[in-house]
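Given next are the chains, with one letter for each unit.
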Amino acid sequence: MALLKVKFNQKKRVKLAQGLWLMNWFSVFAGILVFSMGLFLKIELRKRSEVMDNSESHFVPNSLILVGILACASNGFAGKICYDSLDPAKFAKWKPLLKPYLALCFVFNILIFFVALICFLMRGSLDSTLAQGLKNGMKFYRDTDTPGRCFMKKTIDMLQIEFKCCGNNGYKDWFEIQWISNRYLDFSSKEVKDRIKSNVDGRYLVDGVPFSCCNPSSPRPCIQYQVTNNSAHYSYDYQTEELNLWRRGCREALLNYYSGMMSSMGAVILLVWLFEMSVMVGLRLLHTSLESISNPEDPECESEGWVLENNLKDTFKSALENLKKLGKFNQVEAGAEGAEGEEGGKTPAITTVS
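Each value, and the rule that gives it
Residues numbered from 1 in each chain as written. Predicted model: local features only at pLDDT ≥ 70, side-chain atom pairs only at ≥ 80, totals over all residues. Heavy atoms only, no water. Phe/Tyr/Trp six-rings, centres within 6.5 Å; stacked < 30°, edge-to-face > 60°. Helix = DSSP H or I, 4+ residues; strand = E, 2+ residues; numbered from the N terminus. Buried < 20%, exposed > 50% of the residue type's maximum accessible area, 1.4 Å probe, protein only. UniProt positions renumbered as here; feature names shortened; annotations may be inferred. Disulfide = S-S within 2.5 Å. Patch = residues over 30% accessible without salt bridge, like charges linked within 9 Å, V, L, I, M, F, W, Y side chains within 5 Å. Areas by Shrake-Rupley, 256 points an atom, 1.4 Å probe, with all protein chains shown as cover. Salt bridge = Lys/Arg side-chain N within 4 Å of Asp/Glu carboxyl O.

### Concerning the packing of aromatic side chains
No. 1: Applying the stated criterion across every chain yields a total of nine aromatic pairs.
No. 2: When the ring of tyrosine 141 is compared with that of tryptophan 179, the centres are 6.3 Å apart and the planes differ by 70°; the resulting orientation is edge-to-face. A residue pair is termed long-range when its members are at least 10 positions apart, and tyrosine 141 in the loop between α5 (123-139) and α6 (152-163) and tryptophan 179 in the loop between α6 and α7 (190-197) qualify at 38 residues. In terms of burial, tyrosine 141 and tryptophan 179 fall into one category: buried.
No. 3: Look at tyrosine 171 and phenylalanine 175: their rings are 5.9 Å apart centre to centre, the planes differ by 75°, and that puts the pair in the edge-to-face class.

The following block contains the structure:
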C-alpha cells in the first residue's frame, strides 16, 4: 500500500505545481539567508581568531555557506521543473531527471539536519578552543615589541572592554602570568629584583590586572594593582567587597556570545529543513501524479500521487535487497577479474619426445 496516497484532478495538479513553484522561490531566499548567516558568523569568528586555538570553529560557518549555496541552486532548479510541469510537453524532458533529483534532495535534507545539529553541539569544541586560545593570548600580552605579537595587547584589551570580562576564567588569571613588558621594569629597583628572584621561572608577577579589566560603572576608582593587599587601600577588603573589576572570565563571555548565536542559527536551519522537507514531499506527489496519468492525451483525467510506492517497512526491505544485490554483483565482478588474471598468468606446458 502506497504511503500518503492522494487523488488529483487537473485543477489540483495545477495548484500543487503553482504552490511548489512559489515555495521553491521562498526556499531560494531562505538559502540566501543561510548563506548570509554563515558569512556573518565567519566574519565574527575571524575578528577574534587570535584568541582561538584552532580553525575547527570555522566548520559551522563553512557548512552554512555551503548549505546556502546548494539551497539556492537546488530550489531554483526545482522551481523551473514545477513551472514546466504545467505544460505536458515541457515536463516530458524533466521526467528522466526527477528520480535522481529527488534522491539528491533527500541527501541534501540530511545534510541540512546535520548542520542544524552541529550548530547546537559545537559548544564543547568551542569551549576548549577559546580556553587554550585565550591562555596563549594572555601570555603574549606583554610582547608589544615582538613582530607578529605586537597587536595582542590591543586585541585582549578591546575584548575585555567589549565583553565586560577579565582574564580567561577570571581576574586572578592575570596573577599567574607576567603581563607587564620588561621595557617598563626598572631592574635596578630592589622590589623588582626581589619579585623576579622569588619566582622559579624568573617572571615579574604581581597581584594586578590590565586597565581593561576595570568596571567604569563602579563608584570607586579602579583598584587594578595590589588587588589582594587590603592594607594598600583605604577601607578595602578584597574578599568581601564587591571589586570594581569585571568578575566574569572572557572564555565564558565569548562562549555565551557564540553559543547563543549558533543556537539561534540552528533554530533557523531547522525551520529551513522543515520547509525543504515539505517541498520535497510536494515535488514527489507532483511527480507521481503526473506519471500515473492513465491517458496522457487527456490532461483533465484524474490520477494518483504518493510519497512512497509501498509502506515504510516494504520500502526499507526493498532498499536492503537492492544493496545486497549490488554487493553480490561487485563480488562476482571481482571474482571474474581474478579468474581472468589467473588464466592470463598460465603458460602452456611443452613436452619433449626423446
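### As for the UniProt feature "transmembrane region" (unreviewed entry) in the protein chain
No. 1: UniProt tags residues 20-41, 101-122 and 255-275 as "transmembrane region" (unreviewed entry).
No. 2: End-to-end, the C-alpha atoms of residues 20-41 are 31 Å apart, and along that stretch the chain is 100% helix and 0% strand.
No. 3: Helix makes up 100% of residues 255-275 and strand 0%, with an end-to-end C-alpha separation of 30 Å.

### Observations concerning the state of the cysteines
No. 1: Counting across every chain of the model gives three disulfides.
No. 2: Here cysteine 165 pairs with cysteine 250 through a disulfide, and the sulfurs are 2.1 Å apart. In this structure the cystine formed by cysteine 165 and cysteine 250 twists about its S-S bond by roughly 85°; its chirality is therefore right-handed. In this pair, cysteine 165 sits in the loop between α6 and α7 while cysteine 250 sits in helix α8 (residues 250-291), placing the two residues 85 residues apart along the sequence.
No. 3: One disulfide bridge connects cysteine 166 with cysteine 213, the sulfur atoms lying 2.1 Å from each other. Measuring the twist about the S-S bond at about 85°, one finds the cysteine 166-cysteine 213 disulfide to be right-handed. Remark: cysteine 213 occurs in the loop between α7 and α8 and cysteine 166 occurs in the loop between α6 and α7; sequence separation between them is 47 residues.
No. 4: Sequence-ordered numbering of the bonded cysteines in the protein chain yields a pairing of 1-6, 2-3, 4-5.
No. 5: In this structure cysteine 82 is not part of a disulfide, and its nearest cysteine sulfur, from cysteine 105, lies 10.0 Å away.
No. 6: On the basis of relative accessible area, cysteine 82 is assigned to the buried category, the value being 1%.

### Examining a nonpolar patch on the surface
No. 1: Nonpolar side chains collect at one region of the surface, where Trp21, Leu22, Trp25, Phe26, Phe29, Ile32, Tyr83 and Leu86 lie side by side and expose about 830 Å² of accessible area between them.
No. 2: When residues in the nonpolar patch are grouped by element, the largest group, six residues, is from helix α1 (residues 10-47).
No. 3: Residue position: phenylalanine 29 is located in helix α1.

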